[in-house]
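Each chain, written out:
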Amino acid sequence: MTPNTGLPPTPTELRYFVDAAFAVQKIGRQVRPELKQANSDQERIKLQRQAESRMKAAVRAHHLSVARYQQIYEAMQTEPSVKKQVEELVQVRRQAKKN
């Protein structure tokens, strides 16, 4: 791990990370059409802040601090082994959703 990412994520943290990432992406998909339809920059900023707040809450609901979520995200970008583990968990989660 690089100094910026702290300790290597545990398998449990990686599962929490994947679940949180799915929740964050869902919120992003939900807010995107609202942002496109916003009538002013002020309305867009308000929507973005609300979405960001919901995303942070989603991360915390999945047993991670926002800082730890970001550390794991950074580790996934820089550490091939972390990226591979996350990709495997994503595949498992997608398969479970299909069944």
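Residues numbered from 1 in each chain as written. Predicted model: local features only at pLDDT ≥ 70, side-chain atom pairs only at ≥ 80, totals over all residues. Heavy atoms only, no water.

Asker: Run through the overall build of the protein, naming residues and quoting values.
Answerer: Counting secondary structure elements, the protein contains 4 helices and 0 strands. Traced from its N-terminal end to its C-terminal end, the protein shows the element sequence α-α-α-α. If one aligns the C-alpha atoms of the protein with their principal axes, the spans along those axes are about 45 × 40 × 20 Å. Residues counted as buried form 28% of the 99 residues belonging to the protein. If you take every contact in the protein between residues at least 6 apart in sequence, the share linking residues at least 24 apart comes to 72%. Accessible surface, the protein as shown: approximately 7,100 Å² in total, 51% of it carbon and sulfur. The positive charge centre, built from 18 side chains, and the negative charge centre, built from 10, are 6 Å apart in the protein. (Helix = DSSP H or I, 4+ residues; strand = E, 2+ residues; numbered from the N terminus. Buried < 20%, exposed > 50% of the residue type's maximum accessible area, 1.4 Å probe, protein only. Contact = heavy atoms within 4.5 Å. Areas by Shrake-Rupley, 256 points an atom, 1.4 Å probe, with all protein chains shown as cover. Lys, Arg positive; Asp, Glu negative; His and termini not counted. Charge placed at Lys NZ, Arg CZ, Asp CG, Glu CD.)

Asker: An account of the packing of aromatic side chains is needed here, citing residue identities and associated values.
Answerer: Counted according to the given criterion, the structure contains 1 aromatic pair. With a centroid separation of 4.8 Å and an interplanar angle of 35°, the aromatic rings of Phe17 and Tyr69 are classed as tilted. On the criterion of sequence distance, the pair formed by Phe17 in helix α1 (residues 11–37) and Tyr69 in helix α3 (residues 66–78) is long-range, its members being 52 residues apart. Judged on exposure class, the residue Phe17 and its partner Tyr69 are both buried. Cation over ring: Arg93 sits above Phe22, and NZ or CZ is 4.2 Å from the ring centre. (Phe/Tyr/Trp six-rings, centres within 6.5 Å; stacked < 30°, edge-to-face > 60°. Lys NZ or Arg CZ within 6 Å of the ring centre and 35° of its normal.)

Asker: Before we move on, could you go through helix α2 (residues 41–61) and cite the residues and values that matter?
Answerer: In an α-helix, one turn spans 3.6 residues; hence positions three or four apart end up facing the same way. Its 21 residues place the ends of α2 30 Å apart at the C-alpha level, agreeing with the 30 Å of an ideal helix rising 1.5 Å per residue. Regarding α2, the residues found buried are Leu47, Ala51, Ala58 and Val59. Viewed along the axis of α2, the buried residues span an arc of 110°, placing them on a single side of the element. More than 90 degrees from the buried face of α2, the exposed residues found are Gln42, Lys46 and Arg49. Residues of α2 that are buried sit in contact with α1 and α3. His63, located one to two residues past α2, shows a positive phi value of around 65°. (Expected span 1.5 Å × (residues − 1). Arc of directions from axis to C-beta.)

Asker: Account for α1, with residues named and values stated.
Answerer: Taking 1.5 Å of rise per residue, 27 residues should cover 39 Å, and α1 covers 40 Å from first to last C-alpha, within 8% of that figure. Roughly 30° is the biggest bend found in α1, and it falls at Val31, with proline Pro33 one to four residues downstream. Listed in full, the buried residues belonging to α1 are Glu13, Leu14, Phe17, Val18, Ala20, Ala21, Phe22, Val24, Ile27, Gly28 and Val31. Of the surrounding secondary structure, the elements contacted by the buried residues of α1 are α2, α3 and α4 (80–98). (Bend = angle between axes of the 7 residues up to and from the residue.)

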